[in-house]
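Secondary and tertiary structure notes
Each chain, written out:
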Amino acid sequence: MAASKPPSTPASGEETGQQVRSGHDADLEQRRRVLNEALAERDPSRSPAGSDRQNGAGSGIGAALKMSSEFVAGVLVGAGLGYLLDQFAGTSPWGLIVFLMLGFAAGVLNVLRAAGVVAEPAAGLRAKRPGDDDTT
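In this convention, every chain numbers its residues from 1, walking through the sequence in written order. In keeping with the predicted nature of the model, local features appear solely for residues at pLDDT of at least 70, side-chain atom pairs appear and are counted solely at 80 or more, and the whole-chain, interface and lining totals rest on all residues. The basis for the side-chain values is all heavy atoms of the structure; hydrogens and waters are excluded.

Generally, phi is negative for residues other than glycine and the peptide bonds are trans, each holding for most cases. Residue Pro93 is reached from Ser92 by a cis peptide bond, and omega for that bond is -5 degrees. In this description a helix means any DSSP run of H or I spanning at least four residues, a strand means any run of E spanning at least two, and both kinds are numbered starting from the N terminus. Secondary-structure assignment places Pro93 in the loop between helix 2 (52–89) and helix 3 (94–115).

Listed below in C-alpha cells is the structure:
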C-alpha cells in the first residue's frame, strides 16, 4: 500500500477566503464611489462623505438663530415705536399695545418668510398673471 499524497490546493481555505473577501471589499468600495458620484451630480449641495453631518447641523443652528433673531427684533422694534409714540402723543399704554402686536405680527411674518412658507413680496410682483399682455 503506497501512501497517497493529499491533493495539493492552490491556497489553503483561509487564503482563498481572504482573497475573495478583499475582492468583495474592493467591489463594494468601487460601487460606493460610483454611487457617491451619481448622488453628487443630482444634488450639487451635497458635500463629501463625513462632513455633511457637521455642515447640516451647523446650517440648522444658523437658520434657527436667524429666525429667532428676526422674531425678537420685530417685537422689540414694535414695542420701541409704541413706547415712543406714547411718550410724544400721551396715549399711554395704547401705542405700546398696538405697536407691540404689530411687531409680533411682523416677527411671525419674517420667520415664515425665512422658513420659505410665505413668498417674498417682490416675488409676487414679478409673477405674470393670466390675462396680462406684454404689448403695452
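Bringing the pattern of salt bridges into the picture now. Any carboxyl oxygen of Asp or Glu that lies within 4 Å of a side-chain nitrogen of Lys or Arg is treated as forming a salt bridge with it. Within the structure shown, the criterion is met by one salt bridge. Arg32 serves as the salt-bridge partner of Glu29, at 2.5 Å between the closest nitrogen and oxygen. Note that Glu29 and Arg32 are positioned in helix 1 (residues 13–42) at a spacing of three residues, about one turn of the helix. Each residue is assigned to one of three classes by its accessible area relative to the maximum for its type, calculated with a 1.4 Å probe on protein chains only: buried under 20%, partly exposed between the two thresholds, exposed over 50%. Residue Glu29 is classed as partly exposed on the basis of its relative accessible area, which comes to 31%.

This paragraph deals with the side chain of Asp86. Its location among the elements puts Asp86 in helix 2. When charges are counted, Lys and Arg contribute as positive and Asp and Glu as negative, whereas His and the chain ends are disregarded. It is Arg113 that comes nearest to the buried, bridge-free Asp86 among opposite-charge side chains, at 25 Å. Looking at Asp86, its side chain comes within polar contact range of the side chain of Thr91, at 2.8 Å. We call two residues in contact when some of their heavy atoms are within 4.5 Å. Among all residues touching Asp86, those that are not within four sequence positions of it are Thr91, Ser92, Pro93, Trp94, Gly95 and Leu96. Counting of polar contacts relies on pairs of N or O atoms within 3.5 Å, with two restrictions inside protein: one atom must be capable of donating a hydrogen and the other of accepting it, and residues adjacent in sequence are counted only when both atoms are side-chain atoms.

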